[in-house]
Amino acid sequence: MYAACWRGQREVIGLVIVSHSAKLAQGVYELAAQMAGDQVGISLAGGLCDDCETLGTDAQRILTAIEEVWCEDGVLLLMDVGSAVMSAEIALEMLPEARRRNCLLSNAPLVEGAIVAALHASLGEPLQAVNAQAEAALSASKLG
Amino acid sequence: MNRSQEPQRRASEDRLENQLDSSAGQLPDHDGRTPSAGGSGTAALPTSLGGERGDGVTDVEASTHPQSRSVVVTVTDPRGLHLRSGRDVVRTASRFQSQITASNLSRNTSAVDLKSILQLMQLQARQGHDLKLAASGPDAVAAIDALCSLF
């Protein structure tokens, strides 16, 4: 049921992309996957259902996404805005305590955070270090 | 950033070195990129410590000891240093133990950690920009050699 987190020669964390929009989640996934190659398990929880365009976030979908990439080394959740965070919190509460401890909600902006986290996760960096890299985007000036 | 002060200290040490780096000619080729791309852009740089290698890379602190090395490379990609090429730079830099920094001389940026994609993107490097790469550590020479071929 749970994806193996042992990829190649080292263990890497998993990533979950949470967005109100399934299309946005898919687009962010494509960016992140290009940075990570096949080194990192990345799952999506976008919109309220797979094939509809209803915007929103759903804790059960987020929970399923966590379980798809869950591993001992940890799972980092990246959310877009507002209720995405609340739904992610509820999803974590639905996880068994032992698994919840290895999950972390990131304060990083979604696009920058996913790109940065995917690359640094693929380098085998631990959960907290990957999140620190992603959250650094909060204070990084885009315009130089 | 603490490490940004180190190249200055090393630069003074390297001035004691009279010999240019004899290994410069062994660097990897640039996969068909125009060798003259860095010509005018590197003319004002302190080449007295190194030399034009004929491949768009100018040695600034050519040193025979492996603890430190820095070079200036010119971005040749028409799209500049974009996300995918930045990914490859970070991946390569991360293979080495040395501390590796880069600054964009054309934009007068401060030195950033080349093992961080976020910091790398802040260089805002466009085609023709000169980047100074500096490595410090046990595999500094190998790190710079590997990175040079990516620009």
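Summarised in this report is the structure supplied together with it. Just so you know, these numbers come straight off a predicted model, no measurement behind them.

On the chain A side, the residues contacting the 12 residues of chain B number 19 residues. Of the roughly 1,300 Å² buried at the junction of chain B and chain A (both faces included), carbon and sulfur atoms supply 65%. Remark: the boundary between chain B and chain A carries zero salt bridges. Here chain B and chain A share nine residue pairs in polar contact (both at pLDDT 80 or more) between them. Elements represented by at least two residues in the side of chain B that touches chain A include exactly α2 (83-93) and α3 (117-121) of chain B.

Once that is clear, we can look at the sheet that holds strand β4 (residues 42-46) of chain A. Residues and elements named next belong to chain A. Pairing is parallel across the open sheet formed by four strands, whose spatial order is β4-β3-β5-β6. Here the strands that pair on one side only, and so sit at the sheet edges, are β4 and β6 (103-105). Here the average twist between neighbouring strands, direction ignored, is 20°. Sheet analysis places strand β5 (residues 75-79) next to β6, joined by three bridges and oriented parallel.

It is worth spelling out the environment of Leu123(B) at this point. Residues and elements named next belong to chain B. As for its placement among the helices and strands, Leu123 is situated in the loop between α3 and β5 (130-136). Owing to a relative accessible area of 0%, Leu123 belongs among the buried residues under this scheme. A sequence separation of 14 residues divides Leu123 from Thr109, and the C-alpha atoms of the two residues are 6.8 Å apart. In this view, Leu123 contacts Ala102, Ser103, Asn104, Arg107, Thr109, Ser110 and Val112; residues no more than four positions away in its chain are not counted.

Next up on the list: the nonpolar core. By size, the foremost hydrophobic cluster in this structure holds 54 residues, and its most contacted members are Leu15(A), Leu76(A), Ile100(B), Leu114(B), Leu120(B), Leu131(B) and Leu133(B). If one sorts the elements of this core by residue count, helix α5 (residues 110-122) of chain A sits on top with eight residues. With sequence-adjacent residues up to four places away left out, Leu133(B) is seen in contact with Arg69(B), Ser70(B), Val71(B), Val73(B), Thr101(B), Ala102(B), Leu114(B), Ile144(B), Leu147(B) and Phe151(B). Membership of the second largest hydrophobic core comes to 19 residues, among which are Ala59(A), Ala65(A), Leu92(A) and Leu95(A).

Rules used throughout
Position numbers for residues count from 1 along each chain, tracking the sequence in the order it is written. Key to labels: chains lettered from A, ligands numbered from 1, both in the order written. Local features in this predicted model are restricted to residues whose pLDDT is 70 or higher, and side-chain atom pairs enter the listing and the counts only when it is 80 or higher, whereas totals over whole chains, interfaces and linings include all residues. Neither water nor hydrogens contribute to the side-chain values; these are computed over all heavy atoms in the structure. Contact between two residues is taken to exist if any of their heavy atoms lie within 4.5 Å; hydrogens are not considered. Buried area is a sum: the accessible area each of two parts loses on coming together, probed at 1.4 Å, counted once for each and added. Whenever a carboxyl oxygen of Asp or Glu lies within 4 Å of a side-chain nitrogen of Lys or Arg, that contact is scored as a salt bridge. Pairs of N or O atoms are called polar contacts if they sit within 3.5 Å, as long as, within protein, a hydrogen donor faces a hydrogen acceptor (for residues adjacent in sequence, only side-chain-to-side-chain pairs). Counting from the N terminus, the helices are the DSSP runs of H or I reaching at least four residues and the strands are the DSSP runs of E reaching at least two. In short, DSSP must find at least two bridges between two strands for them to pair. Geometry is summarised by axes, namely lines fitted to C-alpha atoms with helices restricted to the contacting stretch, and by angles between N-to-C directions that run from 0 to 180 degrees. Each residue's exposure class comes from its accessible area (1.4 Å probe, protein chains only) as a fraction of the maximum for that residue type: buried when under 20%, exposed when over 50%, partly exposed otherwise. Remark: nonpolar core denotes a set of buried residues (Ala, Val, Leu, Ile, Met, Phe, Trp, Tyr, Cys) joined through side-chain atoms within 4.5 Å.

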